[in-house]
Amino acid sequence: MLKLAVIPGGICGGCDVALASLGEKLAEILKYYEIVYWPIAVDKKLSNLMNMNHIDVLIYMGAITTEEDAKLAKELSAKARVRVALGTCSVYGGIPGLNALYKPADIIKTISLLVDTKLESSALGLPQPVQHMAYTDVVEPEVLAPGCPPTDKVLDQLTEILLNYAKSGKLEARTMLLGDSESLCNNCPRNPKTTKIAMPGIKRLYEVKLDSNKCFLEQGVLCMGPATRAICTHPCIKFNYPCIGCGGPVEWGSDSGLSMISTLASVLLVDDEKKLLEPGLARELNKIRDVLGTFYKYTLRKSKAYALKNKAGGEG
Amino acid sequence: MADFNVVASLDPLTLVEGIARIVVVTSGNEVRALYQIMEFRGYEKLAIGRHVEDMPRLMSTICGVCSWSHQLASGKAVDAIFGRELTTRAKLTRNLVNYIQVLDSHLLHISFIGLPDLALWGEAERDIIKLMSKNPEVVSAALKTRSLLKQLEKKLVGKIQHGPLVVPGGVCKGITREEIVEVEKVLQEINSSIELFYKFFDERLVKSQLFKELLQRDEFTMRGYSMGLVKEGALELYDGALRVVDHKGRTVNEAGNPVTYADVIGEAMASWNYGMLPYYKPAGLKLFSEESTIFVGPLARLNVAEKVPGEKAGEEYKRLVEVAGGKPMSNVVLYHWARLVETLHCIEMINEIIRNPALFEGDVTTLAGESRSRGVGIVEAPRGILVHDYTVNSDFTVTKARVITPTTINNTAINTSLSKVSMQLAKEIKSAGKPSAETVTMLESIVRAYDPCNSCATHCMKIGERRIVTSFRIVVINEKGDVLWQG
């Protein structure tokens, strides 16, 4: 039996639920693997895991938010032969990663302004927070399994990788980003590939009644589909909500925000050549008041925007 | 408050969502058992600068268990900012999802935490695995129900968590009659599982000597303020007035305007707890005292409501109140029963909604309304009152966000409840160096009765040693933090 450990970092519980809902696939995995640690599912102590010489597969869920998270992630991953980053928080920092540019003290300060009373104690302490990171900032995992939560497609691929590894002792590649290597837009039920998208302008979500058949971009609504990896079967779009990019960029190392901005440059106001003059375009783009939250909702920590801002000393 | 020394910690507390521990501390001559939440996330900070219409989906990721509740409370705050009144269809759709959320979460607690906790009282391991060996029929019904509910969520809203639903002034998609046919089938199956839970709960627990004993024990009493939503006096989970009832059953506050929540709920931030410590503001902060403690969730909701809609739920509610010896009910063991009453209520309400033709007709979104700079949304999440409060600037980006979750509110109540066990605990640690098995069981049961979800309570902060284990661990440490004994 191979040893499988599931380690939670800063989580909401969604990835746990997704993994636990694998059902028969999980049963198949358990024919080859013994779960040596998975807090919500099995009663195994972390101290036992720390004493083990090696772990075959380690799955890390959630983000790194404390010194302990980082230490544990590094120490345990060093013993693991295959490391899996599960979920968008683990791979890209996720939504909590929108805090990546803030120091923990700034976050605590913002919160302390909301409360009525403060109580101090020097004796009873709490663990030390760190600036928000993805698991991939402290370890270089072999398997990257994005999604918020990870989709059936990603979990199917992960299951196959784990079963193949159990049988052959090998992985197909050094770094594997799960999902399909194309943008979500390519197979969108609303946008056959033959269609040329023309975006009439930019509308915020509160300004429109969403058409349930037409491409969101053609309605003027930002949809991250063109810049997002195909990790799902379009559940949001089918439910009449634009893609918000939980799958991350199309390829590992690329930047979803920059890809989306470049898409916008080629589709925005294309049918109206006159408006293409710079002032018209700028006016439309200026409607996006929250650039980071629009283009990097799930991936700010791994973005070029983060690299630049952090270098400049972070955002106030 | 005076500083304190750490005597012992039960670390970490398992079978609650998220990371927390019980710590025993001394402060002069006082001894207290504290419930300490140790996580840190900062959603109030990351919300700033965001387009407000993006908030419902962003904030739904506070919790993977009650993701829909966060989305709905957030959505109500956003509706208020845009001054939009929902169409009947949109309101029914949101209500439907809310009932499914509460039902799902309650069944999760009942099967994985509540029933094992009570049915295996006195045993070292009180979890679903142990229950499986003794009562496989109950456990398999629990697992099946859970997978059915997940199917239901996937059918109705595309994803089981963090999915698309709320847009300002409505929902992004209406439900069709074809989709409901499947829902009805699933509901029938869920119904039979609940009957099985009920029978088990009634025969094995309600009629047991243990249950009678627990109802008499002072450690399990909570005589604080019950808080919940009511609509025309009846139990309401999505849209009602915020009512507060004191330990004598008197209504001390009732407000239809959600913005006034801040007059009722005060919040203290303690350097030793990453969860806030809310209190009943008009009473002033009296930490660990029932005189300023608010509690929320199923038991509090049934205390503030005068009736429970739904035939079966209504009858069961009356039976509960009778066994409890009248209202307000003040024993936290009754949370489990109240949760079962609410599952019946949810099923009956779901059945009512899916038979309402208005669910399938008309617009799902409205754009009309006069916008304003602040919006507050309050819903009853499975664990109680959930508040989302946003302020925006003229381009509708968020400048301030505040979220108060039910587990945060109950954080104070849990601490108040635990303080009743402190003396006993201190005595045992002094004489035997560790708490007795009976005291540990009691501590765990008190915490579990409230069904805390610490991922939620720490939406604002998330720090924590990732040392969760599924068995309950006790660590006794001295004031320097040296480990003296481990169980």
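Here the structure is shown first, and the text comes after it.
Residues numbered from 1 in each chain as written. Chains lettered and ligands numbered in written order. Predicted model: local features only at pLDDT ≥ 70, side-chain atom pairs only at ≥ 80, totals over all residues. Heavy atoms only, no water.

Chemist: What is the right way to read the overall build of chain A from this model?
Modeler: Helix and strand content of chain A: twelve helices and eleven strands. Looking at the 316 residues of chain A, the share that counts as buried comes to 59%. Of the contacts made within chain A by residues no fewer than 6 positions apart, 75% connect residues no fewer than 24 positions apart. Total accessible area computed for chain A in this model is approximately 13,200 Å², and 53% of it derives from carbon and sulfur atoms. (Helix = DSSP H or I, 4+ residues; strand = E, 2+ residues; numbered from the N terminus. Buried < 20%, exposed > 50% of the residue type's maximum accessible area, 1.4 Å probe, protein only. Contact = heavy atoms within 4.5 Å. Areas by Shrake-Rupley, 256 points an atom, 1.4 Å probe, with all protein chains shown as cover.)

Chemist: I'm lost on the sheet that holds strand E8 (residues 143-145) of chain A in this one. Help?
Modeler: Note on sheets: strands pair through backbone hydrogen bonds, and any given pair is parallel or antiparallel. Residue and element names in this part refer to chain A. Overall, parallel pairing links the six strands, which are arranged E2-E1-E3-E5-E8-E9 in an open sheet. The two strands at the open ends of the sheet, each matched to only one other strand, are strand E2 (33-37) and strand E9 (176-177). Examined bridge by bridge, strand E1 (residues 2-8) and E2 share four bridges and lie parallel to one another. Directly across from Ala5, in E2, lies its bridge partner Tyr37. Contacting E1, E2, strand E3 (55-61), strand E5 (80-86), E8 and E9, helix H7 (residues 152-168) runs over the sheet at an angle of about 175° to E5. (Pairing = 2+ DSSP bridges. Axes fitted to C-alpha atoms, helices over the stretch in contact; angles between N-to-C directions.)

Chemist: When you look at the sheet that holds strand E11 (residues 277-280) of chain B in this model, what are you seeing that I'm missing?
Modeler: Strand order in this open sheet of three strands is E6(A)-E10(B)-E11(B), and the pairing throughout is mixed. In this open sheet, the two edge strands, each paired with only one partner strand, are strand E6 (117-119) of chain A together with E11 of chain B. Across this sheet, the average inter-strand angle for adjacent strands is 30°, counted without regard to direction. As judged from the three bridges shared by E6(A) and strand E10 (residues 265-270) of chain B, these two strands associate in the parallel manner. Counted as the bridge partner of A:Lys118 is B:Met269 from E10(B). Contacting E10 and E11 of chain B, helix H13 (residues 406-419) of chain B crosses the sheet at an angle of about 80° to E11(B).

Chemist: Please clarify how the pairing of E5(A) should be interpreted in this entry.
Modeler: Look at any regular strand and the pattern is simple: side chains alternate between the two faces of the sheet. Residues and elements named next belong to chain A. E5 sits mainly inside the fold: six of its seven residues count as buried. Bridge count for E3 against E5 is six bridges, and the pairing is parallel. Residue pairing across strands places Val57 opposite Val82, the latter belonging to E5. Both E5 and E8 contribute to a ladder of three bridges, which runs parallel. When the bridges of E8 are listed, Val84 appears paired with Val143.

Chemist: Whenever I open this one, the pattern of salt bridges confuses me. Can you help?
Modeler: Oppositely charged side chains can pair when the atoms bearing their charge come close. Residues and elements named next belong to chain B. Here the structure, examined in full by the defined rule, presents 43 salt bridges over all chains. Between Lys312 and Glu195 there is a salt bridge, with its nearest N and O atoms 3.6 Å apart. Here Lys312 is found in helix H11 (residues 311-324), whereas its partner Glu195 is found in helix H7 (residues 177-206), with 117 residues between them in sequence. On the accessibility criterion, Lys312 (43% relative accessible area) is partly exposed. Assessed through its relative accessible area of 47%, Glu195 is described here as partly exposed. Between Asp202 and Arg319 there is a salt bridge, with its nearest N and O atoms 2.9 Å apart. Highlighted residues: Asp202 in helix H7 and Arg319 in helix H11, separated in sequence by 117 residues. (Salt bridge = Lys/Arg side-chain N within 4 Å of Asp/Glu carboxyl O.)

Chemist: Any chance you could explain the packing of aromatic side chains here in plain terms?
Modeler: A ring pair, where both rings are aromatic, is described by two values, the distance of the centres and the angle of the planes. The tally for this structure, following the rule as stated, stands at ten aromatic pairs over all chains. For the ring pair A:Tyr92 and A:Trp252, a centre distance of 5.8 Å and an interplane angle of 55° mean the geometry is tilted. Linking A:Tyr92 in helix H5 (residues 88-92) with A:Trp252 in the loop between helix H8 (235-238) and helix H9 (256-267), this pair joins segments that are 160 residues apart in sequence. Take A:Trp252: its relative accessible area is 36%, and that puts it in the partly exposed class. With a centroid separation of 4.7 Å and an interplanar angle of 40°, the aromatic rings of B:Phe82 and B:Phe396 are classed as tilted. In this pair, B:Phe82 sits in helix H3 (residues 67-82) while B:Phe396 sits in the loop between strand E14 (384-392) and strand E15 (398-404), placing the two residues 314 residues apart along the sequence. Like B:Phe82, the residue B:Phe396 is buried in the burial classification. Put simply, the rings of A:Tyr206, B:Phe82 and B:Phe396 pair up and form one aromatic cluster. In this structure, B:Lys76 is placed above the aromatic ring of B:Tyr238, and the distance from its NZ or CZ to the ring centre is 4.7 Å. (Phe/Tyr/Trp six-rings, centres within 6.5 Å; stacked < 30°, edge-to-face > 60°. Lys NZ or Arg CZ within 6 Å of the ring centre and 35° of its normal.)

Chemist: What should I look at first to understand unusual backbone geometry in this one?
Modeler: Negative phi characterises most residues that are not glycine, and trans characterises most peptide bonds. With an omega of -10°, the peptide bond running from A:Cys148 to A:Pro149 counts as cis. That bond from B:Lys327 to B:Pro328 is cis: its omega, -5°, falls within 30 degrees of zero. Despite not being glycine, A:His234 has its phi angle at roughly 60°, a positive value. In this structure, A:His234 sits in the loop between strand E11 (229-230) and H8. Even without being a glycine, B:Phe396 presents a positive backbone phi close to 60°.

Chemist: In this structure, what is going on with the environment of B:Ile404? I would like to understand it.
Modeler: All names here are of chain B. Examined against the element boundaries, Ile404 turns out to sit in strand E15. On the accessibility criterion, Ile404 (0% relative accessible area) is buried. Residues within four places of Ile404 in sequence aside, it is in contact with Tyr261, Ile265, Glu267, Ile385, Leu386, Val387 and Ile409.

Chemist: Hey, could you run me through the side chain of B:Asp79 in this one?
Modeler: Along the chain, the position of B:Asp79 falls in helix H3. In this structure B:Asp79 touches B:Arg84, B:Leu86, B:Arg94, B:Val167, B:Pro168, B:Gly169 and B:Gly170, once residues within four positions along its chain are discounted.

Chemist: Whenever I open this one, the nonpolar core confuses me. Can you help?
Modeler: Nonpolar side chains in soluble globular proteins tend to be buried together. Residues B:Val52 and B:Met55 are the most contacted members of the largest nonpolar core, which totals 197 residues. With 14 residues, the top contributor of residues to this core is helix H4 (residues 88-119) of chain B. Taken domain by domain, the makeup of this core includes at least three residues from each of domain 1 (2-105 + 128-177) and domain 2 (181-311) of chain A. The contact partners of B:Val52, leaving out residues within four places of it in the chain, are A:Arg204, B:Val78, B:Ile81, B:Phe82, B:Tyr390, B:Val392, B:Phe396, B:Thr397 and B:Val398. Core analysis: the second largest hydrophobic core is formed by 24 residues, A:Leu49, A:Leu58, A:Ala73 and A:Ala80 among them. (Core = buried A, V, L, I, M, F, W, Y, C linked by side-chain atoms within 4.5 Å. Domains from an automatic or database assignment.)

Chemist: Hey, could you run me through the packing of H4(B) against H7(B) in this one?
Modeler: Geometry of a packed helix pair, given as the angle between the helix axes and the separation of the axes. Residues and elements named next belong to chain B. Between H4 and H7, whose axes approach to 12 Å, the crossing angle comes to 30°. Considering their axes alone, H4 and H7 lie roughly parallel with respect to each other. In the crossing of H4 with H7, the sense of the turn from one axis to the other is left-handed. In this structure, H4 contributes Leu103, Leu107, Ser111, Leu115, Leu118 and Ala119 to the contact, and H7 contributes Ile190, Ile194, Phe197, Phe200, Phe201, Arg204 and Leu205. Classifying every residue of the contact of H4 with H7 gives eleven nonpolar, one polar and one charged. (Parallel < 35°, antiparallel > 145°, perpendicular 65-115°, else oblique. Left-handed = near helix turned anticlockwise from the far one by under 90°. Nonpolar A, V, L, I, M, F, W, Y, C, P; charged D, E, K, R; others polar.)

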